[in-house]
Amino acid sequence: MEAADYEVLSVREQLFHERVRECIISTLLFATLYILCHIALTHFRKPAEFTTARALPISLPRFELCTFTLAVALGAVLLLPFSIISNEVLLSLPRNYYIQWLNGSLIHGLWNLIFLFSNLSLIFLMPFAYFFTESEGFAGSRKGVLGRVYETVVMLMLLTLLVLGMVWVASAIVDNNKASRESLYDFWEYYLPYLYSCISFLGVLLLLVCTPLGLARMFSVTGKLLVKPRLLEDLEEQLYCSAFEEAALTRRICNPTSCWLHLDVELLHRQVLALQTQRVLLEKRRKASAWQRNLGYPLAMLCLLVLTGLSVLIVAIHILELLIDEAAMPRGMQDASLGQVSFSKLGAFGAVIQVILIFYLMVSSVVGFYSSPFFRSLRPRWHDTAMTQIIGNCVCLLVLSSALPVFSRTLGLTRFDLLGDFGRFNWLGNFYIVFLYNAAFAGLTTLCLVKTFTAAVRAELIRAFGLDRLPLPVSGFPRASRKSQHQ
């Protein structure tokens, strides 16, 4: 063999080893996410659905499909931060031997895998899990798992045809072009990306609604988790009210000659347990140190205020950039050339700020999603979440998380361009959609923050000075009810 042939074989062998290494790394990363999601869902599912031998063959496949979907959602959340950090690591240590496995091909492959698994979960796996939950088998067939599988497959095929027709008609209405309609016949190259583009657009719109609401709710949620200074809350009074209510409920349960026998005893027991749990938490908060009470809460509120203000400021700057620079528009990048230039003007420090803001907005969107009145019923409960509710939560979280890279790039939170099929969305090149989206996000976030912050400050000041206990309501602020005072 000639030297050129040996060189070609060497290149092919090196390429083969790189592909095998990327497959191993991707498998290990996804296995880690899968284990974490399996542990998380185990703490929320109902144990009664997995204890009997008859229910186990039906519940276990649905649970594993939900775990797979939640792992994909978590991977979609980590996708953009992992890419930004990888770029900065390669930029700082370009020839380090121990990070040779971290390259553009691996990052590009992860983006493609997340895109593929998101399509698979949203279009096939989650509908299959839901139909399998609701199915009972066709009339006249043998009852069992196999009959439910047959009915589920038929329902899934009908749903696929329905969605296929709706998307094809929508494409014909939006883009009345023969070439664009014929391109949808290519199921893998055009139809799935087009369908996922529609789903991603819905997810981005959902993030537009939930994130400003969540940014406003983050202050109250953090206030419930941390110990406030004594000026802002009276733990002694809350402990006294909790003990008084617990004693009253205990007397209702234990007194056989009481007039409360017509009440639901199980409900009373649950209320007593809830009050005991609340009292234990209040005892822990009362024993908190002065540093936690007087320093932790103000620092946490300050960090939230800085992150929220920084997010709005970046979006406002990006709106100005959209008006004067065409390069500010989000676009796709087919070649992941990492380690050449930083995607932040502040270097590694700016990249860290970008990652923190992306995670902060994702957490805020989840908080806003579960705080909205439309999706509040989907909120999971500890060891008391039905399987259909778990399926709904996994679908919603996957829609939110898979739209996070597009959401972050559209708002200008990062300069990292979208890789793979994430950058092929048709609406990303529309200037009016991107500009109005940025303006709507900045306006809604500012409005929610001003309204929530001023109301929270007014309420805390009134409670701190004891004006909520006056016999007459304060002007502009109604008197707090006894139930809210006890809480």
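Residues numbered from 1 in each chain as written. Predicted model: local features only at pLDDT ≥ 70, side-chain atom pairs only at ≥ 80, totals over all residues. Heavy atoms only, no water.

An unreviewed UniProt entry lists the protein chain under the name Limb development membrane protein 1 like, with Neovison vison as the source organism. Check the Sequence similarities (unreviewed entry) section of the UniProt entry for the protein chain; it says "Belongs to the LIMR family." (UniProt positions renumbered as here; feature names shortened; annotations may be inferred.)

Another aspect to go through is the side chain of arginine 62. Its location among the elements puts arginine 62 in helix α2 (residues 56-92). A relative accessible area of 7% means that arginine 62 is categorised as buried. (Helix = DSSP H or I, 4+ residues; strand = E, 2+ residues; numbered from the N terminus. Buried < 20%, exposed > 50% of the residue type's maximum accessible area, 1.4 Å probe, protein only.)

It is worth spelling out the pattern of salt bridges at this point. Under the defined criterion, the tally for this structure stands at two salt bridges. Linking arginine 19 and glutamate 22 is a salt bridge whose minimum nitrogen-to-oxygen distance equals 3.8 Å. Within this pair, arginine 19 and its partner glutamate 22 are both found in helix α1 (residues 3-42), separated by three residues, close to a single helical turn. Using a relative accessible area of 40% as the deciding quantity, one classes arginine 19 as partly exposed. With a relative accessible area of 10%, glutamate 22 lands in the buried category. A salt bridge links arginine 415 to glutamate 321; the shortest N-O distance between them is 2.4 Å. (Salt bridge = Lys/Arg side-chain N within 4 Å of Asp/Glu carboxyl O.)

With that settled, the discussion passes to the packing of helix α3 (residues 104-134) against helix α11 (residues 387-402). Across the interface, α3 lies against α11 with an axial gap of 10 Å and an inter-helix angle of 170°. Taken together, the axes of α3 and α11 lie roughly antiparallel to each other. In the crossing of α3 with α11, the sense of the turn from one axis to the other is left-handed. In this structure, α3 uses Ser118, Ser121, Leu122, Met126, Ala129, Tyr130, Thr133 and Glu134 to contact α11, whose residues at the interface are Thr388, Ile391, Cys394, Val395, Leu398, Val399 and Ser402. Among the residues making up the contact of α3 with α11, the classes are represented as nine nonpolar, five polar and one charged. (Axes fitted to C-alpha atoms, helices over the stretch in contact; angles between N-to-C directions. Parallel < 35°, antiparallel > 145°, perpendicular 65-115°, else oblique. Left-handed = near helix turned anticlockwise from the far one by under 90°. Contact = heavy atoms within 4.5 Å. Nonpolar A, V, L, I, M, F, W, Y, C, P; charged D, E, K, R; others polar.)

Moving on to the packing of aromatic side chains. Tallying each qualifying case throughout the model produces 14 aromatic pairs. Considering the side-chain rings of phenylalanine 407 and phenylalanine 441, the 5.8 Å spacing of their centres and the 75° angle between planes classify their relative orientation as edge-to-face. On the criterion of sequence distance, the pair formed by phenylalanine 407 in helix α12 (residues 404-410) and phenylalanine 441 in helix α13 (residues 431-464) is long-range, its members being 34 residues apart. Both residues of the pair, phenylalanine 407 and phenylalanine 441, belong to the buried class. Between phenylalanine 431 and tyrosine 432 the ring centres are 5.7 Å apart and the planes differ by 75°, which places this aromatic pair in the edge-to-face class. Overall, tyrosine 432 belongs to the exposed group, its relative accessible area being 62%. Each residue in the set Phe30, Tyr34, Phe68 and Phe117 is aromatic and connected to the rest through ring pairs, giving one cluster. In this structure, arginine 45 is placed above the aromatic ring of phenylalanine 63, and the distance from its NZ or CZ to the ring centre is 4.7 Å. (Phe/Tyr/Trp six-rings, centres within 6.5 Å; stacked < 30°, edge-to-face > 60°. Lys NZ or Arg CZ within 6 Å of the ring centre and 35° of its normal.)

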